Amino acid sequence: MPITLGLMLALSFVVSLAALAFLIWAISNRQITVDQGDAETIFADGEQGRIDNQGTEAGDAERRHVFDPVAAGIDAVSARPVIILLGTATVWLVLGSIFGLVASMKLHLPDWLNQSAPLTFGRMRTLHLNLVIYGWLSLSGLASVMWIIPRIFHVPLKSPRLVLIGAVLWNIAVALGGLAIASGWTDGEEWLEIPWQIDMLLAAAGACFIAPLVRTARARDVHHIYVSGWYFLAAILWFPVLFIVANIPGLYSGVEEATVNWWFAHNVLGLWLTPLGVGTAYYLIPKIIGRPIYSYAVSLLGFWGLALFYSQVGIHHLIGGPVPTWVVTLSVVHSVMMFLPVIAVAINQHVTVAQNLWALKESVPLRFISFGALMYTMASFQGSIEALRSVNSITHFTHYTVAHAHLGAYAFVSIVMFGAAYYILPRATGRAFPWPGLLKAHFWLVTIGFAVYFFSLTIGGVLQGLAMLDATRPFSESVELMKPYLEARSIGGSLMTLGHLVFAVNLLGLAFYAPRHTQAPVAAE
Amino acid sequence: MNRYLPLSILALAILAFATLMLVIAPGIQINARPAPEGLRPYTEAEARGREVYVSLGCLYCHSQQPRSGDQAPDGERGWGRPSVAEDYAYDQPHQLGTMRTGPDLLNVSARLPSEGWHLTHLYQPRAIFDWSIMPSYPYLFDHKDTAGPGDVVVALPAAHAPADGVIVASQKALDLTAYLVALDRTYPAPTNGLRDHGYGSSEGPEPTPAEEAR
Ligand code: HEM
Ligand code: HEM
């Protein structure tokens, strides 16, 4: 048995490497052609070389809107589902952040709000996680997908009504899931707490998004599928598969269940949230700046590298645990291999921004998105290092992991989605944000708040881990030394939550107080 | 990258491959192992208690997977020998956990076998440790004027006791405690038990001095 399993390990690694080598060979020999010219398919005629920043900057309301008939015809169809997806996502964001803040405060005020079971840390934290992941990030990511896919394919979204149905079902499932968790009805595994009965509804909702995207892809008016499309089209298939396989009731138990749990949980990050965030950045960074991304061929490497390596990293959540050594090693190796696709994405996105720094001043959405893209690189580098056995021994069971989780899910995906919402909504509604200063306030609140959150838990987490590894120090020391860092996290988290309220106010402002553009792109709505 | 169908097929094939490696192969390997002789299934009360543990989310602060002495001093802290996959044969949902905001609990009963201790601790952790940040669980208990027949009264220091009457354990508290008192997997590990041996020899890690002493 051990020999065959060692072989499996080697096999997996060799297959992944061979696939990658083939890809590089194919690109360099033009077997697969991705022309730098294909990177320009995201622009309509005359759009290149001009910043795309309507609706978010001061003085913009008076500026004449540049009318783009192609984009208008396309955007008009996606507008309604996208507005609904983003609006409901924001509700979950605000609720989820409040639960996160309450959970955070409970860790240094343990006797606060303890009167009933739904208020306990274990449930507040779980509500927080499920609402921000399945409510906020998934729905806002889907909004980006529904907005961007028709634009890169130059055709209006097909079956927009099915998307609407999906959005409604998804929201019902998240709401029911939240109620279930609060009442103590849970499947009991991290990231899979929502009871499987409700998960079926969520999976059905997810399936509603597939057909419209496939139909749009097949009806497309351009030959080439732009890089964001690869990420989105793959993710929209990956998620339902993952979600259904992981939720099959009664099939797994014991440690096998734990490997399924972490195979799922890391793939939700790697094959769902990450492609949503990376794909959005890949479209909006060049689009806002008005210049194509730096090296289009490298983006292919980034995508397939992500698929090959990210899909196998899940067991780095169980390092040092009761799982076979070879699976752990497999996941550690693939975690380190993730440097490759991450660097590929970094080259494309950061170089494009770095060559056009002037644009950051002109566009607040770009500021969010390029900051988020940078945090993707940071979170991934940190994660690859954190997966090394020696480092993981210190950080595994500590708040260091929580800091890392927020670097990825928050500073990367959430902040990209803030930028995307600010870019999309003026175009979807034909209005401008009434208080552009509040967009900047949002940016600074969440970035400063996040910095406080991240650095306090990172430093505290390392100290906590070192204390736990030192047998001469009682366990209580690791608890007591964390308290000031946990308090600091609550302060950072309050700033973040305040930023989210400002975000919600901005959206309300757009809905109720916004000046209309004279030539609204969505006149038909 | 111009065709939709090859893109989808390849993307799903890669996911299927990952599923084979991370789910199916280890699943076959783990399921081939019998439950250890020293491990017994949970009784009804213990299983109910485990449900309380799951539903209150103890998992988010407590792991159930002591590490080997090669990696961390878990054994010396009294958290038990390094656990192996076989130790979890009856666990569903698994509660391995990824946080140690509180200590590992896989063998908590070997350290803290007293039911009374757990009831006090659940009612108010700070009645036992002033430094603890664990939540109190008052809703698992009832405040009564006098204890009825069969009531289990919780022992409390004056600072945490109610001004009058007594605190008695609810059925949930008793079940949860039954589960905690059952958490003891200190029986000898099966030979060649499945676990991550990435830190030591595959014969199993060296026992720590504290483990040796037991
Ligand atoms: C939309 C924004 C946010 C996202 C996407 C997010 C995501 C996450 C994730 C993925 C986890 C699980 C971490 C792990 O298991 O290691 C988590 C836990 C947590 N988050 Fe957030 N979070 C967000 C905002 C916040 C805010 C504003 C606060 C307020 C302080 C907060 C406080 C917490 C706390 C206290 C935990 C539990 C940590 C523990 O178990 O000890 N989060 N969050
Ligand atoms: C009902 C759920 C829980 C149960 C059954 C439980 C059980 C226990 C037990 C038996 C101990 C004593 C272990 C020892 O002293 O070595 C303990 C300690 C601890 N727990 Fe929990 N726990 C629960 C929830 C939590 C939660 C949600 C937190 C985090 C906020 C937490 C944080 C701690 C900490 C910091 C300690 C160490 C100090 C102490 O013993 O109070 N616990 N827990």
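Predicted, not measured: the structure shown is a model, and the values here were computed from it.

S.K.: What is the right way to read the coordination of the iron atom of ligand 1 from this model?
M.R.: Ideal geometry at a metal centre: 109.5 degrees between donors when four sit tetrahedrally, and 90 or 180 degrees when six sit octahedrally. Residues and elements named next belong to chain A. The coordination sphere of the iron atom of ligand 1 contains the protein donors His128 (NE2) and His406 (NE2), at a distance range of 2.0 Å. For the iron atom of ligand 1, the 6 donor atoms in the first shell make angles of 86 to 180 degrees at the metal, a pattern classed as octahedral. Here His128, found in helix α3 (residues 121-153), pairs with His406, found in helix α15 (residues 399-429); they are 278 residues apart in sequence, far enough to count as distant. You can call His406 buried: its relative accessible area is 17%.

S.K.: Honestly, the interface of chain A and chain B in this entry has me stumped. Any pointers?
M.R.: Facing 105 residues of chain A, the contacting portion of chain B comprises 74 residues. Of the roughly 7500 Å² buried where chain A meets chain B, counting both sides, 66% is carbon and sulfur surface. Considering only the surface of chain A that becomes buried against chain B, Pro322, Phe397 and Phe475 of chain A emerge as the three largest contributors, covering 11% of it. Applying the counting rule to chain A against chain B returns 2 salt bridges. Two residues, Arg126 of chain B and Asp111 of chain A, come together in a salt bridge whose shortest N-O distance is 2.9 Å. Counting the contacts that link chain A with chain B gives 34 residue pairs in polar contact (both at pLDDT 80 or more). The biggest single contributor to the side of chain A that touches chain B is helix α8 (residues 254-289) of chain A, with 12 residues. Looking at side-chain class alone, the side of chain A that touches chain B contains 54 nonpolar, 35 polar and 16 charged residues.

S.K.: I keep staring at the packing of aromatic side chains and nothing clicks. Help me out?
M.R.: Ring pairs (aromatic) are described by centroid distance and by the angle formed between their planes. For the structure on display, the rule yields 38 aromatic pairs over all chains. Ring centres of Phe303 of chain A and Trp304 of chain A lie 4.7 Å apart, and the angle between their planes is 75 degrees; this geometry places the pair in the edge-to-face category. Here Trp304 of chain A falls in the buried class, since its relative accessible area comes to 6%. Lying across the ring of Phe397 of chain A, Arg100 of chain B places its NZ or CZ 3.8 Å from the centre.

S.K.: Sorry, what's going on with the confidence of the model for chain A here?
M.R.: The predicted coordinates of low-pLDDT regions are not to be read in fine detail. All names here are of chain A. Averaged over every residue, the pLDDT of chain A is 91; residues scoring 70 or more account for 92%. Throughout residues 60-65 the model reports pLDDT below 50, and contacts reaching past four residues in sequence, or to other chains, amount to 13 contacts. Confidence drops under pLDDT 50 across residues 518-525; counting only partners more than four residues distant or on other chains, this segment forms 18 contacts.

S.K.: In this structure, what is going on with the domain arrangement of chain A? I would like to understand it.
M.R.: Reports of interface size often rely on the accessible area that becomes lost once the parts have come together. Residue and element names in this part refer to chain A. Domain annotation of chain A identifies domain 1 (68-222) and domain 2 (385-525). Here domain 1 and domain 2 have C-alpha centroids that lie 18 Å from each other. Contact between domain 1 and domain 2 buries roughly 2300 Å² in total, counting both sides, with carbon and sulfur atoms accounting for 73%. When residues of domain 1 are sorted by the area they lose upon contact with domain 2, Leu86, His108 and Trp147 head the list and together hold 20% of the total. Inspection of the region where domain 1 meets domain 2 yields 0 salt bridges. Along the contact surface separating domain 1 from domain 2 lie 6 residue pairs in polar contact (both at pLDDT 80 or more). Secondary structure elements with two or more residues in the side of domain 1 that touches domain 2: α2 (69-106) and α3. Considering every element that reaches the side of domain 1 that touches domain 2, the biggest residue donor is α2, with 16 residues. Taken together, the residues of the side of domain 1 that touches domain 2 sort by class into 15 nonpolar, 8 polar and 3 charged.

What counts and how
Residues numbered from 1 in each chain as written. Chains lettered and ligands numbered in written order. Predicted model: local features only at pLDDT ≥ 70, side-chain atom pairs only at ≥ 80, totals over all residues. Heavy atoms only, no water. Donors = N, O, S within 2.8 Å, 3.2 Å for Na, K, Ca; no water. Tetrahedral: all angles 85-135°; square planar, octahedral: opposite > 155°, others 65-115°. Helix = DSSP H or I, 4+ residues; strand = E, 2+ residues; numbered from the N terminus. Buried < 20%, exposed > 50% of the residue type's maximum accessible area, 1.4 Å probe, protein only. Contact = heavy atoms within 4.5 Å. Buried area = accessible area lost by both parts, 1.4 Å probe. Salt bridge = Lys/Arg side-chain N within 4 Å of Asp/Glu carboxyl O. Polar contact = N/O pair within 3.5 Å; in protein donor to acceptor, adjacent residues only side chain to side chain. Nonpolar A, V, L, I, M, F, W, Y, C, P; charged D, E, K, R; others polar. Phe/Tyr/Trp six-rings, centres within 6.5 Å; stacked < 30°, edge-to-face > 60°. Lys NZ or Arg CZ within 6 Å of the ring centre and 35° of its normal. pLDDT = per-residue confidence, 0-100. Domains from an automatic or database assignment.

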